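Read off the chains here:
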Amino acid sequence: MKKMLLLNGPNLNLLGLREPEQYGRTTLADVEAMCQDAAKRLGVELECFQSNWEGALIDKIHDYGRLFKAGQAVGAVFNPGAFTHTSVALHDAIKGVDGLPVIEIHISNVHARESFRHHSYVSPAAAGIVVGFGVQGYLLAMEGLMRKQAQG
Ligand code: DQA
(Lines give C-alpha, C1' and ligand atoms only; values in the text may rest on other atoms or scores of the structure.)
Protein backbone atom coordinates (compact mmCIF):
# COMPACT_ATOMS: atom_id res chain seq x y z
CA MET A 1 0.00 0.00 0.00
CA LYS A 2 1.35 3.44 -0.91
CA LYS A 3 1.90 6.08 1.75
CA MET A 4 0.40 9.55 2.10
CA LEU A 5 1.74 12.25 4.40
CA LEU A 6 -0.51 14.53 6.45
CA LEU A 7 1.81 17.35 7.44
CA ASN A 8 0.85 20.13 9.85
CA GLY A 9 3.00 23.12 10.70
CA PRO A 10 3.33 25.52 13.62
CA ASN A 11 0.59 25.98 16.21
CA LEU A 12 -1.66 23.37 14.61
CA ASN A 13 -1.01 21.19 17.67
CA LEU A 14 -3.25 23.76 19.42
CA LEU A 15 -6.24 23.09 17.15
CA GLY A 16 -9.48 23.05 19.12
CA LEU A 17 -8.11 25.45 21.75
CA ARG A 18 -6.58 28.10 19.55
CA GLU A 19 -8.88 30.90 18.22
CA PRO A 20 -11.89 28.53 17.95
CA GLU A 21 -13.92 31.22 16.13
CA GLN A 22 -11.30 30.99 13.35
CA TYR A 23 -10.34 27.30 13.39
CA GLY A 24 -13.21 25.53 15.16
CA ARG A 25 -13.19 23.22 18.19
CA THR A 26 -11.92 20.05 16.52
CA THR A 27 -8.53 18.99 17.90
CA LEU A 28 -5.58 17.85 15.81
CA ALA A 29 -6.04 14.31 17.21
CA ASP A 30 -9.67 14.41 15.94
CA VAL A 31 -8.51 15.64 12.52
CA GLU A 32 -5.89 12.90 12.31
CA ALA A 33 -8.42 10.22 13.29
CA MET A 34 -10.86 11.53 10.66
CA CYS A 35 -8.08 11.46 8.05
CA GLN A 36 -7.05 7.92 9.07
CA ASP A 37 -10.64 6.79 8.36
CA ALA A 38 -10.51 8.52 4.98
CA ALA A 39 -7.15 6.88 4.23
CA LYS A 40 -8.71 3.44 4.76
CA ARG A 41 -11.44 4.31 2.25
CA LEU A 42 -8.88 5.67 -0.21
CA GLY A 43 -6.55 2.68 0.17
CA VAL A 44 -3.45 4.49 1.41
CA GLU A 45 -1.32 4.28 4.53
CA LEU A 46 -1.44 7.70 6.19
CA GLU A 47 1.46 9.09 8.21
CA CYS A 48 0.49 12.08 10.37
CA PHE A 49 3.23 14.49 11.42
CA GLN A 50 3.05 17.91 13.08
CA SER A 51 5.94 20.16 13.99
CA ASN A 52 6.47 23.71 15.11
CA TRP A 53 9.95 23.56 13.56
CA GLU A 54 10.52 24.55 9.95
CA GLY A 55 13.49 22.18 9.53
CA ALA A 56 11.50 19.16 10.73
CA LEU A 57 8.83 19.93 8.10
CA ILE A 58 11.52 20.26 5.43
CA ASP A 59 13.07 16.91 6.44
CA LYS A 60 9.65 15.20 6.10
CA ILE A 61 9.17 16.69 2.63
CA HIS A 62 12.60 15.36 1.66
CA ASP A 63 11.70 11.90 3.02
CA TYR A 64 8.49 11.81 1.02
CA GLY A 65 10.25 13.11 -2.08
CA ARG A 66 12.42 9.99 -1.89
CA LEU A 67 9.43 7.70 -1.23
CA PHE A 68 7.52 9.25 -4.14
CA LYS A 69 10.45 8.69 -6.50
CA ALA A 70 10.63 5.06 -5.34
CA GLY A 71 6.91 4.64 -6.14
CA GLN A 72 6.06 4.16 -2.46
CA ALA A 73 4.10 7.37 -1.78
CA VAL A 74 1.28 9.27 -3.47
CA GLY A 75 2.12 12.70 -2.05
CA ALA A 76 1.38 15.01 0.84
CA VAL A 77 -1.42 17.13 2.28
CA PHE A 78 0.21 20.10 3.97
CA ASN A 79 -1.04 22.87 6.22
CA PRO A 80 2.10 24.99 6.66
CA GLY A 81 0.40 27.33 9.20
CA ALA A 82 2.12 30.70 9.47
CA PHE A 83 5.19 29.40 7.58
CA THR A 84 2.94 29.65 4.51
CA HIS A 85 3.49 33.39 4.55
CA THR A 86 7.19 33.46 5.45
CA SER A 87 9.03 30.39 4.25
CA VAL A 88 11.08 30.42 1.08
CA ALA A 89 12.73 27.30 2.53
CA LEU A 90 9.47 25.30 2.40
CA HIS A 91 8.89 26.48 -1.16
CA ASP A 92 12.40 25.34 -2.07
CA ALA A 93 11.95 21.99 -0.30
CA ILE A 94 8.86 21.14 -2.36
CA LYS A 95 10.50 22.36 -5.57
CA GLY A 96 13.74 20.61 -4.59
CA VAL A 97 12.25 17.14 -4.27
CA ASP A 98 10.97 17.61 -7.82
CA GLY A 99 7.71 15.81 -8.40
CA LEU A 100 6.17 15.13 -4.98
CA PRO A 101 2.54 16.31 -5.29
CA VAL A 102 1.73 18.54 -2.31
CA ILE A 103 -1.79 19.79 -1.66
CA GLU A 104 -1.71 22.96 0.44
CA ILE A 105 -4.61 23.30 2.83
CA HIS A 106 -5.81 26.11 5.09
CA ILE A 107 -8.67 25.66 7.53
CA SER A 108 -9.65 29.32 7.38
CA ASN A 109 -10.16 31.43 4.29
CA VAL A 110 -6.81 33.21 4.46
CA HIS A 111 -7.90 35.61 1.70
CA ALA A 112 -10.72 36.97 3.88
CA ARG A 113 -8.27 37.71 6.72
CA GLU A 114 -5.33 40.08 7.32
CA SER A 115 -3.39 41.07 4.20
CA PHE A 116 -0.19 39.37 5.48
CA ARG A 117 -2.04 36.05 5.06
CA HIS A 118 -2.88 36.70 1.40
CA HIS A 119 0.53 35.68 0.08
CA SER A 120 1.73 32.08 0.15
CA TYR A 121 5.28 30.98 -0.62
CA VAL A 122 4.00 27.40 -0.77
CA SER A 123 1.23 27.87 -3.38
CA PRO A 124 3.52 28.22 -6.44
CA ALA A 125 5.09 24.87 -5.53
CA ALA A 126 1.79 23.14 -4.68
CA ALA A 127 -0.13 20.73 -6.92
CA GLY A 128 -3.42 22.11 -5.56
CA ILE A 129 -4.84 24.33 -2.83
CA VAL A 130 -7.85 23.92 -0.50
CA VAL A 131 -8.83 27.02 1.47
CA GLY A 132 -11.62 27.94 3.85
CA PHE A 133 -13.56 24.68 4.27
CA GLY A 134 -12.71 24.26 7.95
CA VAL A 135 -11.16 20.96 8.99
CA GLN A 136 -13.22 19.18 6.29
CA GLY A 137 -10.68 20.72 3.93
CA TYR A 138 -8.18 18.02 4.95
CA LEU A 139 -10.53 15.38 3.52
CA LEU A 140 -11.05 17.38 0.32
CA ALA A 141 -7.28 17.69 -0.04
CA MET A 142 -6.76 13.94 0.43
CA GLU A 143 -9.47 13.17 -2.11
CA GLY A 144 -8.00 15.72 -4.54
CA LEU A 145 -4.53 14.20 -4.18
CA MET A 146 -5.87 10.73 -5.02
CA ARG A 147 -7.76 12.07 -8.06
CA LYS A 148 -4.65 13.83 -9.30
CA GLN A 149 -2.61 10.67 -8.99
CA ALA A 150 -5.32 8.70 -10.87
CA GLN A 151 -5.08 11.28 -13.69
CA GLY A 152 -1.35 10.50 -13.84
C1 DQA B 1 -3.78 28.51 8.63
C2 DQA B 1 -3.79 29.97 8.19
C3 DQA B 1 -2.47 30.64 8.55
O4 DQA B 1 -2.50 32.00 8.14
C5 DQA B 1 -2.24 30.59 10.04
O6 DQA B 1 -0.98 31.16 10.36
C7 DQA B 1 -2.37 29.22 10.58
C8 DQA B 1 -3.45 28.36 10.12
C9 DQA B 1 -5.16 27.83 8.40
O10 DQA B 1 -5.20 26.61 8.43
O11 DQA B 1 -6.16 28.52 8.20
O12 DQA B 1 -1.61 28.81 11.46
O13 DQA B 1 -2.82 27.80 7.87
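Please read these numbers as outputs of a predicted model, since none were measured by experiment.

**Regarding the site of the ligand**
Contacts to the ligand come from Arg18, Tyr23, Asn79, Gly81, Ala82, His85, His106, Ile107, Ser108, Val110 and Arg117. Between the ligand and Arg18, the relevant distance is 2.9 Å, taken from an oxygen atom to a side-chain nitrogen or oxygen of the residue. Here an oxygen atom of the ligand and a side-chain polar atom of Ser108 are 2.6 Å apart. For the ligand, whose free accessible area comes to 320 Å², the fraction covered by protein is 99%. Residue composition of the shell around the ligand, grouped by class: four nonpolar, five polar and two charged.

**Some thoughts on the packing of helix α3 (residues 54-69) against helix α4 (residues 88-97)**
The interhelical angle for the contact between α3 and α4, taken along N-to-C directions, is 10°, at an axis separation of 9 Å. Between α3 and α4, the angle is such that the two are roughly parallel. Where α3 approaches α4, its residues Glu54, Leu57, Ile58, Ile61, His62, Gly65 and Lys69 are matched on the opposing element by Ala89, Leu90, Ala93, Ile94 and Val97. Class assignment for the residues of the contact of α3 with α4 results in eight nonpolar, two polar and two charged.

**A word on the pattern of salt bridges**
One pass over the full model with this rule turns up seven salt bridges. Here Glu47 ties to Lys3 by a salt bridge, and the two come within 3.7 Å at their closest N and O atoms. In this pair, Glu47 sits in strand β2 (residues 45-50) while Lys3 sits in strand β1 (residues 3-8), placing the two residues 44 residues apart along the sequence. Classification of Lys3 by relative accessible area gives partly exposed; the value is 22%. Notably, a salt bridge pairs Arg66 with Asp63, separated by 2.7 Å at the nearest N-O pair. Linking Arg66 with Asp63, this pair stays in helix α3, spanning three residues, or about one helical turn. Judged by relative accessible area, which is 56%, Arg66 ranks as exposed.

Definitions and limits used
- Residues numbered from 1 in each chain as written.
- Predicted model: local features only at pLDDT ≥ 70, side-chain atom pairs only at ≥ 80, totals over all residues.
- Heavy atoms only, no water.
- Near = heavy atom within 4 Å.
- Polar contact = N/O pair within 3.5 Å; in protein donor to acceptor, adjacent residues only side chain to side chain.
- Areas by Shrake-Rupley, 256 points an atom, 1.4 Å probe, with all protein chains shown as cover.
- Nonpolar A, V, L, I, M, F, W, Y, C, P; charged D, E, K, R; others polar.
- Axes fitted to C-alpha atoms, helices over the stretch in contact; angles between N-to-C directions.
- Helix = DSSP H or I, 4+ residues; strand = E, 2+ residues; numbered from the N terminus.
- Parallel < 35°, antiparallel > 145°, perpendicular 65-115°, else oblique.
- Contact = heavy atoms within 4.5 Å.
- Salt bridge = Lys/Arg side-chain N within 4 Å of Asp/Glu carboxyl O.
- Buried < 20%, exposed > 50% of the residue type's maximum accessible area, 1.4 Å probe, protein only.

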